[in-house]
Amino acid sequence: TERILEVKNMKTSFHTHVGEVQAVRGVSFHLEKGEALGIVGESGSGKSVTSMSVMRLLQYPGIIKEGEVFFKGEDLVKKSKAEMMSVRGNQIAMIFQDPMTSLNPVYTIGNQIMEAVIRHQKVSKTEARERAIDMLKLVGIPSPETRVDNYPHEFSGGMRQRAMIAIALSCEPDLLIADEPTTALDVTIQAQILELLKDLRTKVNTSIILITHDLGVVADVCSRIVVMYGGLIMEEGRAEDIFYEPLHPYTMGLLKSIPRLDLGHKQRLVPIPGSPPDLIKPPKGCPFAARCPYAMKICLDHQPGYYERKPGHKAACWLHHQDAPTVELDTGVRR
Ligand code: SF4
Ligand code: MG
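An unreviewed UniProt entry annotates the chain as Oligopeptide transport system ATP-binding protein originating from Acidaminobacter hydrogenoformans DSM 2784. Comment text from UniProt for the chain, heading Sequence similarities (unreviewed entry), reads "Belongs to the ABC transporter superfamily." On record in UniProt, under Subcellular location (unreviewed entry), the comment for the chain is "Cell membrane".

On to the nonpolar core, then. Within soluble globular proteins, side chains that are nonpolar tend to cluster in buried spots. Within the largest apolar cluster, 87 residues are counted, with the highest numbers of intra-cluster contacts made by I113, A132, A166, A168, L210, V227 and M234. When residues in this core are grouped by element, the largest group, eight residues, is from helix 7 (residues 157-169).

Let's shift gears to helix 11 (residues 249-256). Residues separated by three or four positions in an α-helix point in the same direction, a consequence of the helix having 3.6 residues per turn. Counting buried positions over the eight residues of helix 11 gives six, a clear majority of the element. For helix 11, every residue scored as buried is listed here: P249, Y250, T251, M252, G253 and L254. Those residues of helix 11 hidden inside the fold are in contact with strand 3 (36-40), helix 9 (215-218), strand 9 (224-229), strand 10 (232-238) and helix 10 (239-244).

What follows deals with helix 5 (residues 125-138). Here helix 5 spans 19 Å end to end across 14 residues, near enough to the 20 Å set by a 1.5 Å rise per residue. Every buried residue of helix 5 is listed here: A128, R129, R131, A132, I133, M135 and L136. Where helix 5 is buried, its residues touch helix 4 (109-121), helix 6 (144-147) and helix 7. Directly beyond the C-terminal end of helix 5, a positive phi value near 85° is found at G140.

So, on to the packing of helix 4 against helix 7. Two elements in contact, helix 4 and helix 7, have axes separated by 8 Å at closest approach and are oriented at 20°. In terms of axis orientation, helix 4 runs roughly parallel to helix 7. Crossing of helix 4 over helix 7 shows right-handed handedness. Note on element contacts: helix 7 touches helix 4 through A163, A166 and I167, opposite I109, Q112, I113 and A116. A per-class count over the contact of helix 4 with helix 7 returns six nonpolar, one polar and no charged.

Attention now moves to the sheet that holds strand 4 (residues 62-71). Taken together, four strands build an open sheet; the order of strands is 2-1-4-5 and the sheet is antiparallel. Looking at which strands have only one partner, the edges of the open sheet turn out to be strand 2 (19-32) and strand 5 (74-75). With two bridges joining them, strand 4 and strand 5 adopt antiparallel strand pairing. Bridged to F70 within strand 5 is D75.

In sheet architecture, strand pairing relies on hydrogen bonds along the backbone and comes in two forms, parallel and antiparallel. Strand order in the open sheet formed by eight strands is 6-7-8-3-9-10-12-11, and the pairing between neighbours is mixed. Each edge of the sheet is formed by a strand with only one pairing partner; in this case those strands are strand 6 (92-95) and strand 11 (306-310). The mean inter-strand angle of the sheet, taken between neighbouring strand axes irrespective of direction, is 20°. Relative to strand 12 (residues 313-316), strand 11 runs antiparallel, the two sharing four bridges. Directly across from K310, in strand 12, lies its bridge partner H313. Together, strand 6 and strand 7 (175-179) form the strand contacts of helix 7, whose direction differs from that of strand 6 by roughly 170°.

The rules behind these values
- Residues numbered from 1 in each chain as written.
- Chains lettered and ligands numbered in written order.
- Predicted model: local features only at pLDDT ≥ 70, side-chain atom pairs only at ≥ 80, totals over all residues.
- UniProt positions renumbered as here; feature names shortened; annotations may be inferred.
- Core = buried A, V, L, I, M, F, W, Y, C linked by C-beta atoms within 7 Å.
- Buried ≥ 20, exposed ≤ 12 C-beta atoms within 10 Å, placed from the backbone.
- Helix = DSSP H or I, 4+ residues; strand = E, 2+ residues; numbered from the N terminus.
- Contact = placed C-beta atoms within 7 Å.
- Expected span 1.5 Å × (residues − 1).
- Axes fitted to C-alpha atoms, helices over the stretch in contact; angles between N-to-C directions.
- Parallel < 35°, antiparallel > 145°, perpendicular 65-115°, else oblique.
- Left-handed = near helix turned anticlockwise from the far one by under 90°.
- Nonpolar A, V, L, I, M, F, W, Y, C, P; charged D, E, K, R; others polar.
- Pairing = 2+ DSSP bridges.

Put into structure tokens, the structure is as follows:
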């Protein structure tokens, strides 16, 4: 397979009047062509800043301080603003949480897709309209021939998100970055949109990065998962590693906080107590130490390196160090 994206030791900060917020503190990961990668973490973990850095969409006072972002072999960090606009228009597309803020209320859905199609594919208006209808069909909008002339307010929330995906795909991107694309939607619609993303990967062979606070959301769509906390990657592995053999206590905490649909209304959500670290003065040791039930003295003083359980599955946690005290981790799996 071809490596489409490789992020190397990326550090991104926001220079504010109260100090430098070190939002991303040295993050490395990669994505193969046609692969779907989940980036999971609570708000403030650095997952959105990571994707905005990759897209070079950071707003002032955000700045990439260090690192490289190789996209199809070229470092995006070194590209000019104009070059980046062309990359974003043609090769990398992004969808966000709230489609209403990205759709223009005064143009029909069809016109907005057509505009994107014409911008990227140099086709006539008639062809672009046909493409728009095809795109609406692809993303599962019923009666696309009439829906194409609707305005955004005539679409439901789920249909608007589908329309956004259609616009994003109209440039035939190699990489689609979806940041909390289903968070604003109800559970049924959420499942449909995730199903659609999964579908598109096989139909269009687009590589996908799915960013979410909810591990449950990535379970079905992503083959690999990166778990972020405090601006760092805490654990990385194949989806089954993360779900069945998690190594990091933060990952275990996230797993417990997944809503259990099978428990219906009595679903038990166990949030991780405490709050994320102050990234103006990031902790010297493990960023999760203040909330970790297994924290040891070494955790407070030294940031753990990565322990690799097997190729492709690694975690930054002292518990897995060869000299760590043996503890029974609450995973259901014996170490
Ligand atoms: Fe917990 Fe220590 Fe592991 Fe951090 S390094 S997750 S504090 S055990
Ligand atoms: Mg976010």
